[in-house]
Amino acid sequence: MSTIAKNIAKVVSRICDAAQVSAREAASVGLLAVSKTQPAHAVREAHEAGLNDFGENYLQEALDKQRLLDDLPLVWHFIGPIQSNKTRAIAEHFDWVHSVDRLKIAQRLSDQRPAHLPPLNICLQVNVSGEDSKSGCAPEEVAPLAAAVAQLPNLRLRGLMTIPAPSDDLAEQRAAFARLRHLLEREDGLDTLSMGMSQDLESAIAEGATWVRIGTALFGARDYSGKPDTNQGTPA
Ligand SMILES: *Cc1c(COP(=O)(O)O)cnc(C)c1O
C-alpha cells in the first residue's frame with residue numbers, strides 16, 4: 001500500500017470511530033482531501049485509493065492540477081479566500097465553494113456560473129472565533145447573508161464552513177464547532193457543516209460535521225518553499 005493509501009485508511013478509521021462515539025453514520029461525514037501544495041500525482045494516487053473530493057486554496061495551482069487530472073471524475077472544492085477578480089474561473093472550474101463570506105462574491109459567482117453547469121454548491125464561511133485576521137463573516141451576518149445568497153439563481157446554498165482558532169483543548173474545539181452548528185440550525189433547508197481538519201476532526205464530527213477537510217493527515221506536511229507569495233493568509 002502506498003503512503004497515501006495508508007494515510008487514507010487511518011483517516012477513514014478516525015472518522016468511523018468518531019462517528020460511532022456520536023451514534024452517527026460514518027457515511028454522513030464526507031472526506032474532503034485538501035490537496036493544496038500537493039502535486040497532481042498525489043491527487044491521482046488518492047483517487048486510486050478511493051477519494052473523489054478535493055479541496056484547493058490557490059486558484060492558479062488548482063487550475064494547473066485540474067488540467068493534468070481531467071481524465072478523472074473528480075469533484076473540486078474551492079476552500080481559500082476569494083478575490084473578486086478570481087470569481088469567474090472559480091465559477092467555471094469548481095463544484096463547491098466553501099469560503100463565501102460576502103454578498104458581492106456570491107453575486108459574481110452566480111452571474112459567472114456557466115449555464116451548462118449545475119448550480120454551484122455554496123457554504124458561507126463564518127468566523128466563530130472572532131479573530132481579526134481570519135476570513136469569514138461574523139456570526140450575526142449569517143442570517144442576512146444566507147437569505148440573500150439563497151435568492152441567487154445559479155448558486156445552491158448548502159451550509160456553513162469555519163476554520164476556528166487552533167486549540168489543543170477538546171472542549172474549546174467543540175465549543176467553536178457547536179457555534180457553527182447552532183447557526184446552521186437557525187436556517188431552513190441547509191444540510192452542510194464544513195468543519196474539522198487533521199487536528200480536530202473528532203471534535204467536529206461530534207458537533208455534526210458533514211465535510212471534514214483533511215490535508216496533512218492524508219498527504220503529509222505541506223511544502224510552501226516553491227510558492228513564495230502564496231501562504232494561507234493570502235487571498236487566492
Ligand atoms: C489547509 C486547509 C485545510 C487542511 O488542513 P490540515 O490541517 O492540513 O488538515 C482545511 N481547510 C482549509 C480551509 C485549509 O486551508
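Residues numbered from 1 in each chain as written. Predicted model: local features only at pLDDT ≥ 70, side-chain atom pairs only at ≥ 80, totals over all residues. Heavy atoms only, no water.

Undergrad: Requested: an account of the site of the ligand, with residues and values cited.
TA: For the ligand, the set of nearby residues contains 14 residues, the closest of which are Lys 36, Asn 57, Ser 198, Thr 216 and Arg 222. Asn 57 places a polar side-chain atom, nitrogen or oxygen, 2.7 Å from an oxygen atom of the ligand. When the ligand is considered free in solution it has 380 Å² of accessible area, and contact with the protein chains removes 95% of it. Its residues placed into classes, the shell around the ligand shows 6 nonpolar, 5 polar and 3 charged. (Near = heavy atom within 4 Å. Polar contact = N/O pair within 3.5 Å; in protein donor to acceptor, adjacent residues only side chain to side chain. Areas by Shrake-Rupley, 256 points an atom, 1.4 Å probe, with all protein chains shown as cover. Nonpolar A, V, L, I, M, F, W, Y, C, P; charged D, E, K, R; others polar.)

Undergrad: Residues and numbers for unusual backbone geometry, please.
TA: Of note, the phi angle at Ala 23 is positive, near 55°, even though the residue is not glycine. Backbone geometry places Thr 37, a non-glycine residue, at a positive phi of 70°. Examined against the element boundaries, Thr 37 turns out to sit in the loop between strand 1 (30-34) and helix 2 (40-48). The exposure class assigned to Thr 37 is buried, which follows from its relative accessible area of 17%. (Helix = DSSP H or I, 4+ residues; strand = E, 2+ residues; numbered from the N terminus. Buried < 20%, exposed > 50% of the residue type's maximum accessible area, 1.4 Å probe, protein only.)

Purely geometric numbers; function is a separate question.
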